[in-house]
Amino acid sequence: MCGIIGYTGRSESLPVLIDGLKALEYRGYDSAGVAAAADGGLVVVKKKGRVAELEKAVAPRGFFSRCGIGHTRWATHGEPSDENSHPHCGGSGRITVVHNGIIENYLALKRELADGGVKFRSETDTEVIAHLVQKYYEGDIHKAVTAALGRLRGSYAVAALCADFSDTVIAASYHSPLIVGLSSDGTYLASDTSALCDRADVLYRMSDGETAILRPTGAEFYLDGKPVVKKAIERSWQYGGAGLGGAESFMLKEINEIPRALKKTADYYDGGFFDSERAAKTFAGVRKIFITGCGTAYHAGMTGRALIERIARIPAETDLASEFRYRKPLLRRDSLCLFISQSGETADTLAVARLSAGAGVRTACITNVPGSALAALCDFTIPTLAGAEIAVASTKAYNCQLLALYRLAFHLAYMRKRLSKSFYKENLSVLSRIPSAASAITENAYRDILPLAEKYKNGRDIYFLGRGLDYYTALEGSLKVKEISYIHCEAFAAGELKHGALALIERGTPVIALLTQGELKEKTLNSLAEAKARGAEIIGVGKTEYIADAGVFDGRLTLPDTPDLFAPLVSVIPAQLLAYYTARARGCDADKPRNLAKSVTVE
Ligand code: F6R
């Protein structure tokens, strides 16, 4: 979704801003813009479309500046257009702002400002902020921004520039992430650490309600008008390697990185991660676990619930964060709320984390960004070491989230003495073999999966089917296919087929059937026989022995021999690859699917 970049320092600001916007492109956007302090005024350039278009539009303007702000916009209020792109200016043209988030009371504010004679140029909620800052400006831009923010309801990360202070950027954050970075070259601002990692030496995450004054030599932070001393966020190890490195797309590169990501994550946990005092404090005496996440992270949470109940015998529930936050859940002191989020930025997941912390419940998260807002909110963070995930569709982070959930389930079982030390170790040793099983799939993908993608690329529907742990994998597989190939795709619990979905099966309808659970195999085969009898074309994904039945399967994707309990860690990979190759065969941009953003930072 929207991205913010800002810079003030010794270098020319424009290349820094454009580079920063390019680093934020993966989040998804439909327009981009920059504003720079130059020649005693402001230069504002904004364009619908890609950052590359903006770059072309800026080049002929021929100005020099050492201070500016930039933005990538993902349309919420008003269509993607030059006018609706950020930055937005106050009436004088000497104050400009960019904004991530949503201002809930913008219509009331807009009416009030319009009644006072303000002329609006866009349909955005952000323009209201620019005019409010203008209204309160009496020579102190930090004061004016603070006063304007006091009028807003909703969430925001804001960067503001005023021509009267040509080396100063004002920043403010409330329920929307903003990072300040320092280096000998200047002071940086971004909504995402990945845009700063190569430039800044020290990073600070702005907390809710904070404002900051950025100057070339550093930054001052304020909360409720008083200076705040900030603690730098830990530089995580994951930000490198975010380039394509010769791969044809980020998504394919990231799927191929699954074995390495799993190994790196497992090695990290092997270093005694779960034995820390903090872990012990977080998990001791927990009687119920509430897991929440969105999209792919929610699917990991569904598998996690099954693992925690089955292995650790602790009751667990998994909910979509967007539903949980309005469910009025019965949280108790001995509950643990566990959040799963690749980015650690997802608005709904963050809202549930705030709600849980407010209720005095213990909180933990599984995230790929240890310096994220989610990690900052939680008592305990279980990091995944998947490395930067750039493609919009989450892949390697999902496999690592699952690994974290397996390790957590085994750890809880061991803590509760439901698992002897030797069994505990035995299970960890099975987990350590998963990366090579994952490699066996990624290495043969082209041969096995490409022909299927070619075959189904023009189909109307694809269905995934599974039972038990396979059902959750089916849900994730179907999300991958629909979001990047735009083919209608759904997942069904195999046992539910004849309660409705069977009506959808016609001659030739592709059904991808997951069979990795021996104890449920016969039951799934029965459901498949019913689909087959109605003309379904069935592709079995499972161990050789589970998909041997010649009467049922029209095609097979054989998985490496992995104990049934651990199958979800690898059985999703063929689905991830099928989604990718189908999207490619249809000419879709798998890295940037239409209408979607990488980080969903608004509700
Ligand atoms: C799907 C996908 C999304 C995310 C969801 C949550 O491929 O990537 O469904 O999983 O938006 O994002 P995070 O994990 O960053 O909270």
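Residues numbered from 1 in each chain as written. Predicted model: local features only at pLDDT ≥ 70, side-chain atom pairs only at ≥ 80, totals over all residues. Heavy atoms only, no water.

Right, let's talk about the environment of T72 for a bit. Here T72 is to be found in strand β4 (residues 67–73). A relative accessible area of 0% means that T72 is categorised as buried. Through-space distance from the C-alpha of T72 to that of A37 is 19 Å; in sequence the pair is 35 residues apart. In this structure T72 touches M1, C2, G3, L21, L24, Y29, S31, A32 and V51, once residues within four positions along its chain are discounted. (Helix = DSSP H or I, 4+ residues; strand = E, 2+ residues; numbered from the N terminus. Buried < 20%, exposed > 50% of the residue type's maximum accessible area, 1.4 Å probe, protein only. Contact = heavy atoms within 4.5 Å.)

Comment: phi is negative for the bulk of residues other than glycine, and the bulk of peptide bonds are trans. P87 follows H86 through a cis peptide bond whose omega is 0°. Looking at the element boundaries, P87 is found in the loop between β4 and β5 (88–89). For D39, which is not glycine, the phi torsion reads 50° and is therefore positive. Relative to the helices and strands, D39 is located in the loop between β2 (31–38) and β3 (41–48). Phi angles above zero are rare outside glycine, and H175 is one such case at about 60°. The topology assignment puts H175 in the loop between β8 (169–174) and β9 (179–183).

Close contacts around the ligand come from 14 residues, with S341, Q342, S343, T346 and E483 the closest. Within the side chain of S341, one N or O atom sits 2.6 Å away from an oxygen atom of the ligand. Contact between the ligand and S343: an oxygen atom at 2.6 Å from a side-chain N or O atom of the residue. Here the ligand loses 90% of its free accessible area of 400 Å² to cover by the protein chains. Contributing elements (two or more residues each) for the shell around the ligand: α9 (295–312) and α15 (469–485). (Near = heavy atom within 4 Å. Polar contact = N/O pair within 3.5 Å; in protein donor to acceptor, adjacent residues only side chain to side chain. Areas by Shrake-Rupley, 256 points an atom, 1.4 Å probe, with all protein chains shown as cover.)

An order of β16-β15-β17-β18-β19 is seen for the five strands of this open sheet, with the pairing classed as parallel. Strands at the two margins of the open sheet, each flanked by one partner only, are β16 (316–320) and β19 (380–383). Each strand axis lies, on average, 20° off the axis of its neighbour in the sheet, ignoring direction. Bridge analysis of strand β18 (residues 362–367) against β19 gives four bridges, and the strand direction is parallel. (Pairing = 2+ DSSP bridges. Axes fitted to C-alpha atoms, helices over the stretch in contact; angles between N-to-C directions.)

This part covers the domain arrangement of the protein chain. According to the domain assignment, the protein chain contains domain 1 (3–235), domain 2 (238–432) and domain 3 (446–590). Relative placement of domain 1 and domain 3: their C-alpha centres are 46 Å apart. (Domains from an automatic or database assignment.)

Moving on, we come to the packing of helix α14 (residues 421–456) against helix α17 (residues 568–585). Two elements in contact, α14 and α17, have axes whose closest approach is 8 Å; the angle formed by their N-to-C orientations is 30°. Considered as vectors, α14 and α17 are oriented roughly parallel to each other. In terms of crossing hand, the pair formed by α14 and α17 is right-handed. Class assignment for the residues of the contact of α14 with α17 results in 19 nonpolar, two polar and two charged. (Parallel < 35°, antiparallel > 145°, perpendicular 65-115°, else oblique. Left-handed = near helix turned anticlockwise from the far one by under 90°. Nonpolar A, V, L, I, M, F, W, Y, C, P; charged D, E, K, R; others polar.)

For the rest of this paragraph, the subject is the pairing of β4. Burial analysis of β4 places seven of its seven residues in the buried class, the great majority of the element. Here β4 shows a buried face lined by C67, I69, H71 and R73 and a second buried face lined by G68, G70 and T72. The pairing of strand β1 (residues 3–9) with β4 spans six bridges and is classified as antiparallel. Across the sheet, the residue bridging to G6 is I69, located in β4. Where β2 lies against β4, six bridges are found, and the strand directions are antiparallel. Directly across from A35, in β4, lies its bridge partner I69.

On to the nonpolar core. If you look at the biggest cluster of nonpolar residues, it comprises 99 residues, and the most contacted ones within it are I289, I382 and F464. Built from parts of two domains, this core gets at least three residues from each of domain 2 (238–432) and domain 3 (446–590). Ignoring anything within four residues of it in the chain, the contact list for I382 reads Y269, F273, F274, F283, C365, I366, T367, A404 and L408. With 27 residues, the next largest nonpolar core counts L21, L24, Y29 and V58 among its residues. (Core = buried A, V, L, I, M, F, W, Y, C linked by side-chain atoms within 4.5 Å.)

Take the sheet that holds β4 next. Each strand in a sheet pairs with its neighbour through backbone hydrogen bonds, running either in the same direction (parallel) or in the opposite one (antiparallel). The seven strands lie next to each other as β3-β2-β4-β1-β10-β9-β11, forming an open sheet whose pairing is antiparallel. Edge positions in the sheet fall to β3 and β11 (202–205), since each of these pairs with one other strand and no more. Going from strand to strand, the sheet's axes swing by 15° on average, the running direction of each strand aside. Here β2 runs beside β3; their pairing, made up of eight bridges, is antiparallel.

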